[in-house]
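Spelled out from the first residue to the last, the chains are:
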Amino acid sequence: MQDWLEAFWSDLLSEEPDRVVAAWARLEADDERQAVREHLHKMASEAGWAEVQRQAARAALSVIPPEDDAPTD
């Protein structure tokens, strides 16, 4: 499980659109997508994160579909 999580976050925060989209596609449930999206928003906007982390979170948010466009299960 830890290997999966490590690979997922590595891809999601890679700043490479294809890897970000592929990581996002691995999330199957709406609640998972929502939790990850909320975490990315926190990373991008809250104090306590390194600038490189904030930048990677902003890059991921720019690639993943907005909540309104997210597919429903």
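About the cut-offs
- Residues numbered from 1 in each chain as written.
- Predicted model: local features only at pLDDT ≥ 70, side-chain atom pairs only at ≥ 80, totals over all residues.
- Heavy atoms only, no water.
- Core = buried A, V, L, I, M, F, W, Y, C linked by side-chain atoms within 4.5 Å.
- Buried < 20%, exposed > 50% of the residue type's maximum accessible area, 1.4 Å probe, protein only.
- Helix = DSSP H or I, 4+ residues; strand = E, 2+ residues; numbered from the N terminus.
- Contact = heavy atoms within 4.5 Å.
- Arc of directions from axis to C-beta.
- Phe/Tyr/Trp six-rings, centres within 6.5 Å; stacked < 30°, edge-to-face > 60°.
- Axes fitted to C-alpha atoms, helices over the stretch in contact; angles between N-to-C directions.
- Parallel < 35°, antiparallel > 145°, perpendicular 65-115°, else oblique.
- Left-handed = near helix turned anticlockwise from the far one by under 90°.
- Nonpolar A, V, L, I, M, F, W, Y, C, P; charged D, E, K, R; others polar.
- Salt bridge = Lys/Arg side-chain N within 4 Å of Asp/Glu carboxyl O.

Student: What should I look at first to understand the nonpolar core in this one?
Tutor: Across soluble globular proteins, nonpolar side chains show a tendency to be buried alongside one another. If you look at the biggest cluster of nonpolar residues, it comprises 14 residues, and the most contacted ones within it are F8, L12, W24, V36, L40 and I64. Only α1 (2–12), α2 (17–25), α3 (30–45) and α4 (51–63) provide two or more residues apiece to this core. For this core, the element with the most residues is α3, which contributes 4 residues. If sequence neighbours within four positions are ignored, L12 has contacts with V20, A23, W24, V36, L40 and A60.

Student: How should I be thinking about α2 in this particular structure?
Tutor: Owing to its 3.6 residues per turn, the α-helix brings residues three or four apart onto one side. Within α2 the residues assigned to the buried category are V20, A23 and W24. End-on, the buried residues of α2 take up no more than an arc of 100 degrees, which puts them together on one face. Of the exposed residues in α2, those oriented more than 90 degrees away from the buried face are D18 and A25.

Student: Is there a simple way to think about the packing of aromatic side chains in this case?
Tutor: For any pair of aromatic rings, the description rests on two quantities: the centre-to-centre distance and the angle between the ring planes. For the coordinates displayed, the defined rule picks out 2 aromatic pairs. Between W4 and F8 the ring centres are 5.3 Å apart and the planes differ by 5 degrees, which places this aromatic pair in the stacked class. In this pair, W4 and F8 both sit in helix α1, 4 residues apart, roughly one turn of the helix. Given a relative accessible area of 1%, F8 falls into the buried group.

Student: It is not clear to me how the packing of α3 against α4 should be interpreted in this structure. Could you clarify?
Tutor: Two elements in contact, α3 and α4, have axes whose closest approach is 7 Å; the angle formed by their N-to-C orientations is 135 degrees. One element, α3, and the other, α4, form an angle in the oblique class. Our pair here, α3 against α4, has a crossing hand that is left-handed. Between α3 and α4, the residues in contact are R37, L40, H41, M43, A44 and S45 and Q53, R54, A57, R58, A60 and L61, respectively. For the contact of α3 with α4, the class distribution of residues is 6 nonpolar, 3 polar and 3 charged.

Student: I tried to follow the pattern of salt bridges on my own but got confused; where do I start?
Tutor: Throughout the structure, instances matching the rule amount to 6 salt bridges. A salt bridge links R19 to E16; the nearest nitrogen and oxygen atoms lie 3.4 Å apart. Relative accessible area serves as the criterion here: at 28%, R19 is assigned to the partly exposed category. Three or more residues joined by partner-sharing salt bridges are found here, namely D11, E16, R19 and R26.

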